[in-house]
Amino acid sequence: MSYGQGGPQSQWDPWKPNSQQPWSSGGDDGTPDWAALAEASETRNKRRRLLFIGGGVLATIGVGTAVAMAVVSANGDNDASGNPTSLPATASLPSGSATAPSFAPTSAPPPLDPKDFISSAKKDTAPLSPETLFPGTQLTMGDTVYKKGTTSDAKNCSAGADGTLPKILTANGCTRLMRATYVKDGIAVTVGVAVFDTAAQAEKAKGQTDGRSMVLSLAGKGVKPFCNAAVCRSTRNAYGRYAYFTISGFTNGRNVTKKDTDVFRTGDDLQQFTANQIYRRGQAQASTAANR
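Residues numbered from 1 in each chain as written. Predicted model: local features only at pLDDT ≥ 70, side-chain atom pairs only at ≥ 80, totals over all residues. Heavy atoms only, no water.

Asker: Can you help me understand the pattern of salt bridges in this one?
Answerer: It is possible for side chains bearing opposite charge to pair when their charged atoms get close. This model, assessed by the stated rule, comprises 9 salt bridges. Put simply, Asp 185 and Lys 184 hold a salt bridge, and the shortest N to O gap is 3.4 Å. Between Arg 212 and Asp 210 there is a salt bridge, with its nearest N and O atoms 3.9 Å apart. Taking relative accessible area as the criterion, Arg 212 reaches 56% and is therefore assigned exposed. (Salt bridge = Lys/Arg side-chain N within 4 Å of Asp/Glu carboxyl O. Buried < 20%, exposed > 50% of the residue type's maximum accessible area, 1.4 Å probe, protein only.)

Put into structure tokens, the structure is as follows:
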């Protein structure tokens, strides 16, 4: 005899807390339907796995979104990597200190001009002689060495000049004429330095000279007379309160021609050396005055 169930048989759902577990429909011996239970357990495990997988995907998406936002923030207009792209102008940047130090304006004195000291007898007071202008027993210009001969020093400027030069020196107030002679390989040159009180006088005298304005050659101390009757080459120049002249030629009395470049070079070397010596004189006095 079988007993009725009193209504439809309840279905067991593993996800519903109050549902009843299924029993076998083949008999009423009370034995659980193990196959149904196993199937329900497998279903439950599958659902759990799906939930875990889904949660992991959502977490991964969340982390990825956060990283993406961080990357966007780090590489946007503010550029936090150390190379700002929208910095304010330099003038508006903070200076790092509340107040900048201030200094009183200063200016170094202008350097003294050596020419100022050799342009006037009032300032050009250093010792002056043939030995200060032409020191030693020889001079070197480039790779050429000239041996020094005799020197002279005269207050009467016309005594050491020739041609139109004596009159010019006297008229412009020449106070002293110093001469020195140098020689090399049969070529001799005499350089004469005329001294005036002012640079204006020296420049005026130089401007009045011509091709016949010459300093007299000076022989002696191993240098034979030269340029007494032969054609020689002469130069004229001025610097500061000094006018200087050269005359150069052969010691054997031969005339100088335009082809005799060694004679021209000798005269050029001596006038350059003389200019250098006059400048050094002014330079030394300027240095002394600056250090007082």
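Moving on, there is more to tell.
Asker: Explain the pairing of strand β2 (residues 144-154) to me, please; I cannot follow it from the model alone.
Answerer: Across a regular strand the side chains alternate sides, sitting on one face of the sheet and then on the other. Pairing geometry for strand β1 (residues 138-141) and β2, over 4 bridges, is antiparallel. Paired with Leu 139 across the strands is Tyr 146, a residue of β2. Between β1 and the antiparallel strand that follows it, β2, lie 2 residues; Gly 142 among them carries a positive phi value of about 65°. Bridge count between β2 and strand β4 (residues 176-184): 6 bridges; the pairing is antiparallel. (Pairing = 2+ DSSP bridges. Helix = DSSP H or I, 4+ residues; strand = E, 2+ residues; numbered from the N terminus.)

Asker: For this particular structure, what's the right way to read the side chain of Ser 248?
Answerer: Within the secondary structure, Ser 248 sits in strand β8 (residues 242-250). For Ser 248, a relative accessible area of 0% puts it in the buried group. Of the polar contacts made by the side chain of Ser 248, one reaches the backbone oxygen of Val 263; its length is 3.5 Å. In this structure, Ser 248 is in contact with Ala 188, Val 189, Cys 227, Cys 232, Arg 233, Val 256, Val 263 and Gly 267, ignoring residues within four places of it in sequence. (Polar contact = N/O pair within 3.5 Å; in protein donor to acceptor, adjacent residues only side chain to side chain. Contact = heavy atoms within 4.5 Å.)

Asker: Quick question: what am I supposed to make of unusual backbone geometry here?
Answerer: In most cases, non-glycine residues show a negative phi, while peptide bonds are predominantly trans. Positive phi outside glycine occurs at Asp 185, with the angle close to 55°. Structurally, Asp 185 is set in the loop between β4 and β5 (187-195). Looking at Asp 185, the relative accessible area reads 69%, which means it is exposed. Here Lys 221, not a glycine, exhibits a phi torsion of approximately 55°, which is positive.

Asker: Is there a simple way to explain the environment of Thr 125 in this structure?
Answerer: Looking at the secondary structure, you find Thr 125 in the loop between α2 (114-117) and α3 (130-133). In this structure, Thr 125 is in contact with Arg 281 and Gln 285, ignoring residues within four places of it in sequence.

Asker: Is there a simple way to think about the packing of aromatic side chains in this case?
Answerer: In this description, an aromatic ring pair is defined by two values, namely the gap between the centres and the angle between the planes. According to the stated counting rule, one finds 1 aromatic pair in the structure shown. Sitting above the plane of the Phe 117 ring, Lys 123 keeps its charged end 4.3 Å from the centroid. One Lys or Arg, Arg 254, reaches over the ring of Phe 250 and ends 3.8 Å from the middle of that ring. (Phe/Tyr/Trp six-rings, centres within 6.5 Å; stacked < 30°, edge-to-face > 60°. Lys NZ or Arg CZ within 6 Å of the ring centre and 35° of its normal.)

Nothing here speaks to function; it is geometry throughout.
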